[in-house]
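Residues per chain, in single letters:
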Amino acid sequence: MSTCVQSLRERSANDVSTERDLVELDGAIDSAFHIARELIVMDEARSGQAVVADVNELILQLQGVLVRMVGDQIRVHLRLDAVDGMVEAETVQLEWVLLNLVANSRDAMPHGGLIEIQTASVTRRSDSVAYIRVTITDSGPGMTEDVRARAFEPFISTREGHSGFGLTSVAMIVRRFRGWVDIESDTTGTSVHIHLPALRAAKR
């Protein structure tokens, strides 16, 4: 489709109005591809098989990929403080969640910065259930309150130039594994918190 757009652009190089329309069409095609890919991810999430996963180990295995993905201007710091960070989750989907969130953080810091990935063992006060919390924090400019409040809606993106189901699918995947996601953001940066039931909670 983009090849066709390019061909049309070459044939109408002097028509400013047509060029503007073609730019918008090219952007719409790109967004459609992003959305289609993310819909496939969500469909796979519904059919994935949950296994016992060590969150700390999974993050360590992804570290090299994450460092290459964010580039030389961004530092990636790990704080894997969760004690016995075992959860029931589908490993590929959990990796996709982490990659998606780190990509969001990278795009929020085009001039460089710091991404911290932290794990912790926490207990929810309301029912004393144990969770493993994974937090991805960046030092970017943060979201406005309106964007933060709508961040999990379809077609709302925290990444300039993108639209789709990124955070929506993140939340759906985490909910599938009996967890939840929340976001804190201000002018000093953004933290996305993933909560997954610790293995002893999942076995109840």
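This is a predicted model, so every value here is computed, not measured. (Residues numbered from 1 in each chain as written. Predicted model: local features only at pLDDT ≥ 70, side-chain atom pairs only at ≥ 80, totals over all residues. Heavy atoms only, no water.)

Trainee: Just to check I follow, could you spell out the sheet that holds strand β6 (residues 180–186) for this structure?
Mentor: In a beta sheet, neighbouring strands are held together by backbone hydrogen bonds and run either parallel or antiparallel to one another. Taken in spatial order, the 5 strands line up as β2-β4-β5-β7-β6 in an open sheet, and their pairing is mixed. Two strands bound the open sheet, and with one partner strand each, they are β2 (74–80) and β6. Averaged over all neighbouring strand pairs, the angle between strand axes comes to 15°, with direction disregarded. Its contacts with the sheet put helix α3 (residues 55–70) on β2, β4 (113–123) and β5 (130–138), and the angle it makes with β2 is roughly 175°. Sheet contacts for helix α4 (residues 91–107): β2, β4, β5 and β7 (189–197); angle to β5, the most-contacted strand, approximately 30°. (Pairing = 2+ DSSP bridges. Helix = DSSP H or I, 4+ residues; strand = E, 2+ residues; numbered from the N terminus. Axes fitted to C-alpha atoms, helices over the stretch in contact; angles between N-to-C directions. Contact = heavy atoms within 4.5 Å.)

Trainee: Please explain the pattern of salt bridges as it appears in this structure.
Mentor: Opposite charge on two side chains makes pairing possible when the charged atoms of those side chains draw close. Inspection of every chain in the model, using the stated rule, returns 4 salt bridges. As a salt-bridge pair, Asp 81 and Arg 79 come within 3.6 Å of each other at their nearest N and O atoms. Given a relative accessible area of 42%, Asp 81 falls into the partly exposed group. Using a relative accessible area of 35% as the deciding quantity, one classes Arg 79 as partly exposed. For the salt bridge of Asp 107 with Arg 106, the shortest nitrogen-to-oxygen distance reads 3.0 Å. Its relative accessible area of 30% is what places Asp 107 among the partly exposed residues. By relative accessible area, which is 24% here, Arg 106 ends up partly exposed. Each of Arg 79, Asp 81 and Glu 116 takes part in salt bridges that share partners, so that together they form one network. (Salt bridge = Lys/Arg side-chain N within 4 Å of Asp/Glu carboxyl O. Buried < 20%, exposed > 50% of the residue type's maximum accessible area, 1.4 Å probe, protein only.)

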